[in-house]
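Listed below are the residues making up each chain.
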Amino acid sequence: MLDKTNAHTHGLVDPFGRKITYLRLSVTDRCDLRCTYCMSEKMTFLPKSDLLDASELEQVAQAFITRGVSKIRITGGEPLVRRNIMDIMERMSGYLGHGLDELTLTTNGTQLVKHAELLAKFGVKRINVSLDSLDPDTFTRITRGGRLNPVLDGITAAQSHGLKIKLNVVVLKRDNLNELPSMIRWAHARDIDVTLIEAMPMGEIEEDRFNQYVPLLGVQSELSKDWTLTRDTYRTGGPSDYWRVKETGGRLGFITPLSNNFCGGCNRVRLTCTGKLFLCLGQNEDADLRAVVRSGGDLDAALLEAIGRKPKAHDFRIDALGQGPAVARHMSMTGG
Ligand code: SAM
Ligand code: SF4
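Bear in mind that the values here come from a model prediction, so they are computed numbers and not experimental data.

Enquirer: So, the overall build of the chain: which residues are in play, and what are the values?
Expert: Tallying secondary structure elements over the chain gives 11 helices and 14 strands in all. In the chain, which comprises 336 residues, the proportion classed as buried is 56%. Looking at the chain alone, contacts between residues at least 24 apart form 73% of all its contacts between residues at least 6 apart. Carbon and sulfur atoms provide 50% of the accessible area of the chain, an area that totals close to 14300 Å².

Enquirer: Residue-level account of the site of ligand 1, with values.
Expert: In the neighbourhood of ligand 1, 18 residues make up the surrounding shell, with Y37, G77, E78, S130 and M200 lying closest. Take Y37: an N or O atom from its side chain is 2.9 Å from an oxygen atom of ligand 1. In this structure, an oxygen atom belonging to ligand 1 sits 3.2 Å away from a main-chain N or O atom of T107. Counting residues per element, the ones that place at least two in the shell around ligand 1 are β5 (102-107) and β7 (164-171). Of the residues assigned to the shell around ligand 1, the class counts are 6 nonpolar, 9 polar and 3 charged.

Enquirer: Give a description of the site of ligand 2 that names residues and reports values.
Expert: What surrounds ligand 2 is the set C31, L33, R34, C35, C38, M39, G77 and N108. Residues that form the shell around ligand 2 fall into these classes: 5 nonpolar, 2 polar and 1 charged.

Enquirer: Describe in detail the packing of aromatic side chains, supporting the description with residues and values.
Expert: Counted by the stated rule, this structure contains 0 aromatic pairs. Positioned above the aromatic ring of Y22 is the side chain of K71, whose terminal nitrogen or guanidinium carbon lies 4.5 Å from the ring centre.

Enquirer: Provide a residue-level description of the side chain of H188, including the pertinent values.
Expert: Along the polypeptide, H188 turns up in helix α6 (residues 180-189). Taking relative accessible area as the criterion, H188 reaches 8% and is therefore assigned buried. Reaching out from H188, the side chain makes a polar contact with the backbone oxygen of R251 at a distance of 2.8 Å. When neighbours within four sequence positions are excluded, H188 is seen to be in contact with V194, V245, T248, G250, R251 and L252.

Enquirer: So what's going on with unusual backbone geometry? Which residues, and what values?
Expert: Even without being a glycine, R144 presents a positive backbone phi close to 55°. You can see R144 is positioned in the loop between α4 (136-142) and α5 (148-160). Judged by relative accessible area, R144 falls into the partly exposed class, the value being 24%. One non-glycine residue with positive phi stands out, namely D191, at about 60°. With respect to the element layout, D191 can be found in the loop between α6 and β8 (193-198).

Enquirer: Got a sec to walk through the packing of helix α3 (residues 112-121) against α5? Specific residues and values, please.
Expert: Across the interface, α3 lies against α5 with an axial gap of 8 Å and an inter-helix angle of 20°. Accordingly, the angle class assigned to the pair α3 and α5 is roughly parallel. Seen along the crossing, α3 lies across α5 with a hand that is right-handed. Of the residues in α5, those in contact with L112, V113 and A116 of α3 are P150, D153, G154, I155, A157 and A158. Per-class residue counts for the contact of α3 with α5 are 7 nonpolar, 1 polar and 1 charged.

Enquirer: How would you explain the environment of N84 if you had to name every residue and give the values?
Expert: The residue N84 is located in the loop between β4 (71-75) and α2 (85-93) in this model. Measuring from C-alpha to C-alpha, the distance between N84 and A54 comes to 7.8 Å, with 30 residues separating the pair along the chain. Within polar-contact distance, the side chain of N84 engages the side chain of R82 at 2.9 Å.

Enquirer: Account for the sheet that holds strand β3 (residues 22-26), with residues named and values stated.
Expert: The strand order across the open sheet built from 12 strands is β9-β10-β11-β8-β7-β6-β5-β4-β3-β12-β13-β14, with neighbouring strands paired in mixed fashion. For this open sheet the edge positions go to β9 (229-231) and β14 (286-288), each flanked by a neighbour on one side alone. Strand after strand, the sheet turns through a mean of 25° between neighbouring axes, direction not considered. Looking at chain direction, β7 and β8 are connected through 6 bridges and run parallel. By the bridge assignment for β8, V169 is matched with L196. Seen against the sheet, α6 touches β7, β8, β10 (241-245) and β11 (251-255) and runs at an angle of roughly 175° to β7.

The rules behind each value
Residues numbered from 1 in each chain as written. Chains lettered and ligands numbered in written order. Predicted model: local features only at pLDDT ≥ 70, side-chain atom pairs only at ≥ 80, totals over all residues. Heavy atoms only, no water. Helix = DSSP H or I, 4+ residues; strand = E, 2+ residues; numbered from the N terminus. Buried < 20%, exposed > 50% of the residue type's maximum accessible area, 1.4 Å probe, protein only. Contact = heavy atoms within 4.5 Å. Areas by Shrake-Rupley, 256 points an atom, 1.4 Å probe, with all protein chains shown as cover. Near = heavy atom within 4 Å. Polar contact = N/O pair within 3.5 Å; in protein donor to acceptor, adjacent residues only side chain to side chain. Nonpolar A, V, L, I, M, F, W, Y, C, P; charged D, E, K, R; others polar. Phe/Tyr/Trp six-rings, centres within 6.5 Å; stacked < 30°, edge-to-face > 60°. Lys NZ or Arg CZ within 6 Å of the ring centre and 35° of its normal. Axes fitted to C-alpha atoms, helices over the stretch in contact; angles between N-to-C directions. Parallel < 35°, antiparallel > 145°, perpendicular 65-115°, else oblique. Left-handed = near helix turned anticlockwise from the far one by under 90°. Pairing = 2+ DSSP bridges.

Written as structure tokens, this is what we have:
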């Protein structure tokens, strides 16, 4: 049994003085959807033996928690398609109240009906559900074959088990730009916060990203024509800026990596399902923590060395869109 009480007094601080308190942990690169902006149509997936097993994931998570990480988000790929996902959730939940303040999850929602009850049991209080359209045909087109209804049922199931939901919507010029006001109204009427996200140039996809990219500052001013948006001080530890919509009473966030860089307050790092630690979503600096775990090496020393190399900022640029991805790996690989 791992010792869960030996919380370290020295945290992880990067070369720019930013304290790292938030770990995004990808548990699989696989997914039951193929969103056009995230994956290519014919993705090849990793052999299962490349993935960290549940015990290795726990070792890495414990090393981070010991160094002051207080929030872990489980992601992927689609985390709920990993066969032993609830074993992983149960292991992580053991650290809640022992260094870990929050255990959460980002999901496409397709498997929530099956898993919502156990998520709540393992101490998850709020989850992000990614949903880019409420129109069944548009949803199927964006996800290349997915069905909307299981996601809607999943959201209902999660709420019935007391999980607070935030909807993540990637804004896509051709697919959902016109639908945003009705999606926001729909969500706010159900006590669901919404965060709009700019599509980021990660990994080769079939489509030219420049055709789909929409800067969110323009979207915000369009929404402001009909709605009163007032700044909300709410923070989740993530990169979103929040506003309150007076007319709907709900919260609206904007994640603007391209049009308004948010790196100054970065507090997070990402671990891929193969144990590669990426120090920045938009840069290539990494550390192979699987090699450290599998060789019985010093994980704590590896974390300190890696955080000492965290880059100052990502390099996503709007004017570079259409010239190929800023980083070669897909979001489903890094863990969004
Ligand atoms: N499958 C889960 C889901 O869709 O929520 C978790 C993994 S997914 C990679 C995490 C988030 O990344 C989703 O909200 C998705 O919309 C977002 N995402 C994926 N590719 C993206 C891209 N190129 N630009 C912006 N957001 C992206
Ligand atoms: Fe799958 Fe999430 Fe990527 Fe969509 S965004 S393909 S649901 S990993």
